[in-house]
Amino acid sequence: MIKKKKSAVLTAILGFTLALSACGGGGGTGTNTPSATPSDPPATTPAENGGDKGTQGGDKPGLRMIMQYGLFDPKTEYVAKYIEERTGYKVEYELLPAENADEKLNLLVSSKDNYDLVKLNAAQFYNLASAGALEPIDELLESHGNYIKQSIKPESFGSATIDGKIFGIPETGSGVSIGEELVVRQDWLDELGLSVPTNTDELYTVLKTIKEKKNVIPLTMSKDSIYGDIATTFGILTDWKEVDGKLMHRAELPEMKEYITYMNKLYKEGLLDTETPINTAQKSIEKFSGGNAAMYKLAWWNAGTTIAALEKNFPEAKTTIIPYLKGKDGKAVVGAKANTTWYIAILKSSKNKEAAMDFLNAKLEPETFKGIAIGEEGVHHEVKDDKYFPILPKFNDELNNASAFLTGVDEEKYPIYWQARVRKDPILQAHFETFQKNAEGLIVVDPMSMAPPIEAVSKNLLKLTTLLDDNVLQFISGAKPIDSYDQFLAQWRAEGGADMVAAANEWFQSTK
């Protein structure tokens, strides 16, 4: 796979660089943000230290790292200084711009500025690995990666493996957690003598009664959040589902027609917000907190502001989180993803490959990693009832951008450390913890979560997801008849869906 693409992609990268150089102006990025400006030069340059000297004794070489966009200056960040102190490596960070980030990335990688490390999203990782711009790190992991191997599960490395070689450190983030759940006005349920629904039939009855008695929108949703609690009762869990040993995309599942038929019924009867196809999350939140809607699929990260606004507008208001609805078989399930969020790679052109790996490894030494994640106990966080709580405002002041400096996580401990961030607000904490408790034993993880970047998937997924979601909204609203779903599916397959599914299954079968 890589050998076929390497020449063409690398040529494209180099061609882009030459085109920019020919334009003059020093290869500008089109932005003028401080975050796109390089930090101060390292105290000792790679050339002065003779290349891979970081693990050979003597002074450690200065390293240069390309990071994703951020509204901060790495030179002034507490975490950057902490990392330097703990690892002994001085690192110059270059942040990609908000716009034209891929073009800037290609320019930096193709330059003669000797960058060593780069933090990439999935598409960037695949493109650079395919171009031969990234160093295979299997041997470096064996010789310099003891903490990395202790921290990151072997299956996670599968997502960074292409053609049998590992090209990066997978950063899986805070682990598997559930983000959204239906929330209802409990005071209105009490007023109407209604119980919290447990399945879609009961949900229909509750919504119908609310419409008749309260003259408000029974259920509001945003256009970007059309799946979730209700869809899972029909077997629509995540993007991909294993069926009889093969992967099927949610677009192909016969249950999709059942789901949109149910939602179309809610829409036609005025039980689902008629503005769902155009609602933003903020608009739906305003309807719920403003007393114009009885039910909303709330994200825990919006819970603090949403509930505060509701209680300000209606001090007597009470809400209840609806446990995940049960399907036809009487069981509830919850879909979740466990994807690799970022890939940290060593550039093929780096003159400090061993030192770069030594640096990444040192950051995952247990106490060092804990300090990066949640700072110092008694200064940035405290422990109560075996849980980590932030000490404000110090935690925010010095650790607000800490995640940008992660280069892989301890996959067992980071999900525990990370929860300090949701304990900044009692309402936020309560919703997050209730969502997770309600989902215990019900979670089904997307089977493509640990897949490496696959060309046919990477290049088609965003386009096809948008195509699917736009059409699902049209089916729900009645703008398109549900009988034409098969015609849409043929279009979806022709525009890349068939190739994407075939490639996904090729990978899936190779794992068995």
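The sections below set out a description of the structure shown in this document. For every chain, the first residue of the written sequence is number 1, and numbering continues from 1 onward in sequence order. The model is predicted, so local features are restricted to residues of pLDDT at least 70 and side-chain atom pairs to those at 80 or more, both for listing and for counting; the totals for chains, interfaces and linings are taken over all residues. Heavy atoms throughout the structure, all of them, feed into the side-chain values; hydrogens and water do not.

**So, the overall build of the chain**
Selection criterion: Numbering of helices and strands runs from the N terminus, with a helix taken as a DSSP run of H or I at least four residues long and a strand as a DSSP run of E at least two residues long. Only protein chains enter the accessibility calculation, which uses a 1.4 Å probe. A residue is then buried if its area is under 20% of the maximum for its type, exposed if over 50%, and partly exposed in between. We call two residues in contact whenever any of their non-hydrogen atoms come within 4.5 Å of each other. Under the convention used here, a 1.4 Å probe and the Shrake-Rupley method define accessible areas, while residue burial counts only the protein chains that appear.
When its secondary structure is counted, the chain shows 22 helices and 17 strands. By residue count, 52% of the 512 residues in the chain fall in the buried class. Relative to all contacts within the chain whose residues are 6 or more apart in sequence, the contacts with residues 24 or more apart total 78%. Total accessible area on the chain stands at roughly 22,800 Å², and carbon and sulfur atoms take up 50% of it.

**Looking at the sheet that holds strand β7 (residues 180–185)**
Let me state the cut-off plainly: A pair of strands is treated as paired once DSSP finds two or more bridges between them. Axis lines are fitted to C-alpha atoms, over the contacting stretch for helices. Their N-to-C directions set the angle, which ranges from 0 to 180 degrees.
Across the sheet, four strands lie side by side as β8-β11-β7-β12; this open sheet has mixed pairing. One side of each edge strand has no neighbouring strand; the edge strands of this open sheet are β8 (217–220) and β12 (319–321). Each neighbouring strand pair of the sheet contributes to a mean axis angle of 20°, computed without reference to strand direction. With respect to the sheet, helix α14 (residues 303–313) is in contact with β7, β11 (293–299) and β12, its orientation differing from that of β11 by roughly 160°.

**Observations concerning the packing of helix α12 (residues 255–268) against helix α21 (residues 461–477)**
Worth spelling out the cut-off: Angles are sorted into four bins: roughly parallel if under 35 degrees, roughly antiparallel if over 145, roughly perpendicular if 65 to 115, and oblique for all others.
Where α12 contacts α21, the axes come no closer than 7 Å and their chain directions differ by 50°. It follows from the interaxial angle that α12 and α21 lie oblique. For the pair formed by α12 and α21, the contact residues are Met-256, Ile-260, Met-263, Asn-264 and Tyr-267 on the first element and Leu-468, Val-472, Phe-475, Ile-476 and Ser-477 on the second.

**Details of unusual backbone geometry**
Omega for the bond connecting Leu-392 with Pro-393 falls within 30 degrees of zero, at 5°, which places this linkage in the cis form. One can find Pro-393 in the loop between β16 (387–390) and α17 (394–399). With a phi close to 55°, Asn-100 is a non-glycine residue in the positive phi region. Note that Asn-100 resides in the loop between β2 (91–95) and α4 (101–110). Note on Asn-100: relative accessible area 41%, which makes it partly exposed. For Asn-114, which is not glycine, the phi dihedral falls at a positive 60°. Structurally, the position occupied by Asn-114 is in the loop between α4 and β3 (117–120). Owing to a relative accessible area of 28%, Asn-114 belongs among the partly exposed residues under this scheme.

**Comments concerning the pattern of salt bridges**
This is how the line gets drawn: For this document, the term salt bridge refers to a Lys or Arg side-chain nitrogen within 4 Å of an Asp or Glu carboxyl oxygen.
Overall, the coordinates contain 23 salt bridges when judged by the stated rule. The shortest N-O distance in the salt bridge between Asp-239 and Arg-250 comes to 3.5 Å. Here Asp-239, found in the loop between α11 (229–232) and β9 (240–243), pairs with Arg-250, found in the loop between β10 (246–249) and α12; they are 11 residues apart in sequence, far enough to count as distant. Take Arg-250: its relative accessible area is 9%, and that puts it in the buried class. Of the charged contacts, one joins Lys-287 and Glu-275 as a salt bridge, the two residues approaching to 2.6 Å between their closest N and O atoms. Placement of the pair is Lys-287 in helix α13 (residues 281–289) and Glu-275 in the loop between α12 and α13, with a sequence separation of 12 residues.

**Overview of empty space enclosed by the protein**
The criterion, for reference: Whether a set of points on the 1 Å grid over the protein atoms alone is a cavity depends on a 1.4 Å probe fitting there but being unable to get out, while an open set qualifies as a pocket with protein on both sides within 12 Å along at least five of seven lines; lining residues are those with an atom within 4 Å of a point. Grid points are joined across faces, edges and corners, and a volume is the space filled by probe spheres set on the points.
Applying the stated criterion across every chain, the model contains one cavity of 30 Å³ or more. For the largest cavity, the calculated volume is near 60 Å³. Lining of the largest cavity is provided by Leu-182, Leu-219, Met-221, Ile-226, Tyr-227, Gly-228, Asp-229, Ile-230, Ala-231, Tyr-259, Met-263 and Lys-297. Elements supplying a minimum of two residues to the lining of the largest cavity: α11 and α12.

**Some words on the pairing of β10**
A one-sided burial pattern is seen for β10, the buried positions being Leu-247 and His-249 and the unburied ones Lys-246 and Met-248. Pairing geometry for β9 and β10, over four bridges, is antiparallel. Note that in β10 the partner of Glu-242 across the bridge is Leu-247. Hairpin connection, β9 to β10: the antiparallel pair is bridged by two residues, and Asp-244 has positive phi, about 55°.

**Digging into the side chain of Gln-124**
Locating Gln-124 in the fold gives a position in helix α5 (residues 122–130). Judged by its relative accessible area of 4%, Gln-124 falls in the buried class. With sequence-adjacent residues up to four places away left out, Gln-124 is seen in contact with Gln-68, Leu-96, Asp-102, Leu-105 and Lys-119.

**A closer look at the sheet that holds strand β14 (residues 342–346)**
With mixed pairing, the five strands of this open sheet are ordered in space as β2-β1-β3-β14-β6. In this open sheet, the two edge strands, each paired with only one partner strand, are β2 and β6 (169–171). Ignoring which end each strand starts from, the neighbouring axes of this sheet average 20° apart. With two bridges connecting them, strand β1 (residues 63–67) and β3 associate as parallel partners. Looking across to β3, one finds that Met-65 is bridged to Leu-117. Strand contacts of α4: β1, β2 and β3, with the helix running at about 160° to β1, the strand carrying the most contacts. Sheet strands touched by helix α15 (residues 353–363): β1, β2, β3, β6 and β14. Its angle to β14, the strand with the most contacts, is close to 145°.

**As for the layout of surface pockets**
Convention followed: Following the grouping adopted for this structure description, the nonpolar residues are Ala, Val, Leu, Ile, Met, Phe, Trp, Tyr, Cys and Pro, the charged ones are Asp, Glu, Lys and Arg, and the polar ones are all others, Gly among them.
Taken as a whole, the second largest pocket encloses approximately 690 Å³ of empty space. Forming the walls of the second largest pocket are 33 residues, and the residues nearest its centre are Thr-172, Gly-173, Ser-174, Gly-175 and Thr-341. Those elements that place two or more of their residues in the lining of the second largest pocket are α8 (154–157) and α18 (414–418). With three residues, α18 is the single largest residue contributor to the lining of the second largest pocket. When the residues that make up the lining of the second largest pocket are grouped by side-chain class, the tally is 13 nonpolar, 12 polar and eight charged.

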